[in-house]
Amino acid sequence: MKILHTADWHLGKIVNYVHMTDDQAFILDRFIEIVEEEQPDVIIIAGDLYDRSIPPKQAVDLLNQVLTKLINDFQIPVLAISGNHDSPDRLEFGSQLFRRQGLFLDTKLKRDREPITLYDSQGPVHFHLIPYVEPAEVAAVFEDEEIKSHQEAASRLIEDIQKRYNMAERHVWIGHAFLAGGMESESEERLSMIGGSPYIDAHLFKDFSYVALGHLHQPQRVAYDHIRYSGSILKYSFSEVHHQKSVTIIDLQEENDLTFEKKPLYPLRDFEIVEGYFEDLLSGEAATSPHNYLHIRLLDDGQLIDPMGKLRKVYPNILHLERRRSSVNTQIDELNKVKERQRLSHEELFRSFYEDIKGDTISEHRKNLISQAIDALKEEERGQ
């Protein structure tokens, strides 16, 4: 069975006040060309179809056009899930009707859910569509208050699959999550820390034939060859400058017999970091293409009059202009501090905030009060 794996379209995305819809329409035309060339048996979209819960009309129209072409013109089944950027309620609209046409879209977790089973010459392939969910949602579905982390939630879901299905057959997990060891970038929205760490151990998924993931924007494998992120279809920040965007083609034969191929996606306008002196940049030869989205670092020390205005006459899509700082390591240090804070729990974040403001260590009594308040909020959210 030939599977096309993609994710993280983020339709409706705005980067530095620039709407990316034209760029997304261009790259999805290339995506359609790949589908036509490869003729996959099934297409997987592993979450974050939209960039926000209420997408703009242009984004909805674009998704409608692409899905209509895939279903009506190519008649290829599409298996999609909601990601952490999507609204499960809005994306769920019409999903039961769409199933008859070959669009299988899961946005909410159900207790007795069934996989989508497709067949090839080797027999059945069971696709388990697991939308992005908080640990509290999994705890509610299984009526198990012990589930408090993303790791525990994933473990419980996998345990349920293993109990109910013959794992000697071929099973594909479609999910939107952050696996420990995956390489992140700045454009991924941090997953909720409610209930602890958002990270999941990749080894939980070792018994699946293939694991099709969304959330991390860089195409990559995690721990095993068959556990993969397809990555986003476009670069959405300058931290992704060195990414090569693609979709992944999987040829799934018998269990553990897989081959992979990345089909590159070349954008209308690439993201590029350019560094140089103002006068040299005005020549127009500093960027690979003057129409690329640019982050420009000026090396000049003296005063410059309207550098952005003058440079935009040459490079119309400058998104960020800065003077290079004297210390090369300053930005790296700041980025490391941000990443370090992202890994802190709610209690640790508050303690850091308290100590920054007060200039003193928080007492054990106040730590306990904060922990109780956080637990109360978790219980309230779980009840909803």
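It should be noted that the structure appears before, not after, this text.
Given the structure is predicted, the values throughout are model-derived calculations rather than measurements.

### Structural notes on the overall build of the protein chain
In step 1: When you go through the protein chain residue by residue, the secondary structure sums to 11 helices and 19 strands.
In step 2: If you take every contact in the protein chain between residues at least 6 apart in sequence, the share linking residues at least 24 apart comes to 68%.
In step 3: Accessible surface, the protein chain: about 19400 Å² in total, of which carbon and sulfur atoms supply 48%.

### Comments concerning the packing of aromatic side chains
In step 1: Scanning the entire structure with this criterion turns up 8 aromatic pairs.
In step 2: Each ring, one from Phe238 and one from Phe271, has its centre 5.1 Å from the other, and the planes form 55 degrees; the classification is tilted. One end of the pair, Phe238, is in the loop between β14 (224-229) and β15 (246-252); the other, Phe271, is in strand β17 (residues 271-276), with 33 residues separating them in the sequence.
In step 3: On the basis of relative accessible area, Phe238 is assigned to the buried category, the value being 15%.
In step 4: The aromatic ring of Phe260 is capped on one face by Arg228, whose charged end is 3.9 Å from the ring centroid.

### So, the nonpolar core
In step 1: Residues Trp9, Leu28, Phe31, Ile43 and Leu70 are the most contacted members of the largest nonpolar core, which totals 40 residues.
In step 2: Elements with a contribution of two residues or more to this core: α1 (21-38), β4 (42-46), α2 (57-73), β5 (78-81), β6 (103-106) and β15.
In step 3: Top contributing element to this core by residue count: α2, with 7 residues.
In step 4: When we break this core down by domain, the ones giving at least three residues each are domain 1 (2-264) and domain 2 (271-323).
In step 5: Ignoring sequence-local partners within four residues, the contact set of Trp9 consists of Gln24, Leu28, Phe31, Ile45, Gly47, Asp48, Leu49, Leu63, Val66, Ile233 and Tyr236.

### Some details on the sheet that holds β6
In step 1: Spatial ordering of the open sheet is given by β6-β5-β4-β1-β15-β16, a layout of 6 strands whose pairing is mixed. Of all strands in the sheet, those with a lone pairing partner are β6 and β16 (258-264), marking the two edges. Averaged over all pairs of adjacent strands, the angle between their axes in this sheet comes to 20 degrees, without regard to strand direction.
In step 2: The pairing of β5 with β6 spans 4 bridges and is classified as parallel. Across the sheet, residue Ala80 finds its bridge partner in β6, namely Leu105.
In step 3: Where α1 meets the sheet, it contacts β1 (2-6), β4, β15 and β16, and its direction lies at approximately 170 degrees from that of β1.
In step 4: Of the strands in this sheet, β4, β5 and β6 are in contact with α2, which crosses β5 at around 150 degrees.

### Re helix α5 (residues 135-142)
In step 1: When you tally the buried positions in α5, you get 6 out of 8 residues, the bulk of the element.
In step 2: Every buried residue of α5 is listed here: Pro135, Ala136, Val138, Ala139, Val141 and Phe142.
In step 3: Downstream of α5 by one or two residues, Glu143 has phi in the positive range, about 50 degrees.

### Focus on the environment of Leu129
In step 1: Among the structural elements, Leu129 can be located in strand β8 (residues 123-130).
In step 2: Residue contacts for Leu129: discarding those within four places in its chain leaves Leu79, Ala80, Ile81, Phe104, Asp106, Ile116 and Ile174.

### Re the pattern of salt bridges
In step 1: Per the counting criterion, the structure on display carries 25 salt bridges.
In step 2: For the salt bridge of Arg164 with Glu114, the shortest nitrogen-to-oxygen distance reads 3.8 Å. With Arg164 in helix α6 (residues 150-164) and Glu114 in the loop between β6 and β7 (116-120), this pair connects stretches of sequence that are 50 residues apart.
In step 3: For Glu114, a relative accessible area of 54% corresponds to the exposed category.
In step 4: Where salt bridges share partners, they join Lys2, Glu38, Glu261 and Lys263 into one cluster.

### Focus: the environment of Asp251
In step 1: Tracing the chain through its elements places Asp251 in strand β15.
In step 2: Take Asp251: its relative accessible area is 30%, and that puts it in the partly exposed class.
In step 3: Taking C-alpha positions, Asp251 is 9.1 Å from Pro40, a pair spaced 211 residues apart along the chain.
In step 4: Apart from the residues lying within four places of it in its own chain, the contact partners of Asp251 are Met1, Asp257, Leu258 and Thr259.

### Regarding the pairing of strand β9 (residues 170-176)
In step 1: A large share of β9 lies buried, amounting to 7 of its 7 residues.
In step 2: A two-sided burial pattern is seen for β9, the buried positions comprising Arg170, Val172, Ile174 and His176 on one face and His171, Trp173 and Gly175 on the other.
In step 3: As judged from the 6 bridges shared by β8 and β9, these two strands associate in the parallel manner. If you follow Leu129 over to β9, its bridge partner there is Ile174.
In step 4: In this sheet, strand β12 (residues 210-214) lies alongside β9 in parallel orientation, the contact comprising 5 bridges. Of the residues in β12, the one forming a bridge with His176 is Gly214.

What counts as what
Residues numbered from 1 in each chain as written. Predicted model: local features only at pLDDT ≥ 70, side-chain atom pairs only at ≥ 80, totals over all residues. Heavy atoms only, no water. Helix = DSSP H or I, 4+ residues; strand = E, 2+ residues; numbered from the N terminus. Contact = heavy atoms within 4.5 Å. Areas by Shrake-Rupley, 256 points an atom, 1.4 Å probe, with all protein chains shown as cover. Phe/Tyr/Trp six-rings, centres within 6.5 Å; stacked < 30°, edge-to-face > 60°. Buried < 20%, exposed > 50% of the residue type's maximum accessible area, 1.4 Å probe, protein only. Lys NZ or Arg CZ within 6 Å of the ring centre and 35° of its normal. Core = buried A, V, L, I, M, F, W, Y, C linked by side-chain atoms within 4.5 Å. Domains from an automatic or database assignment. Pairing = 2+ DSSP bridges. Axes fitted to C-alpha atoms, helices over the stretch in contact; angles between N-to-C directions. Salt bridge = Lys/Arg side-chain N within 4 Å of Asp/Glu carboxyl O.

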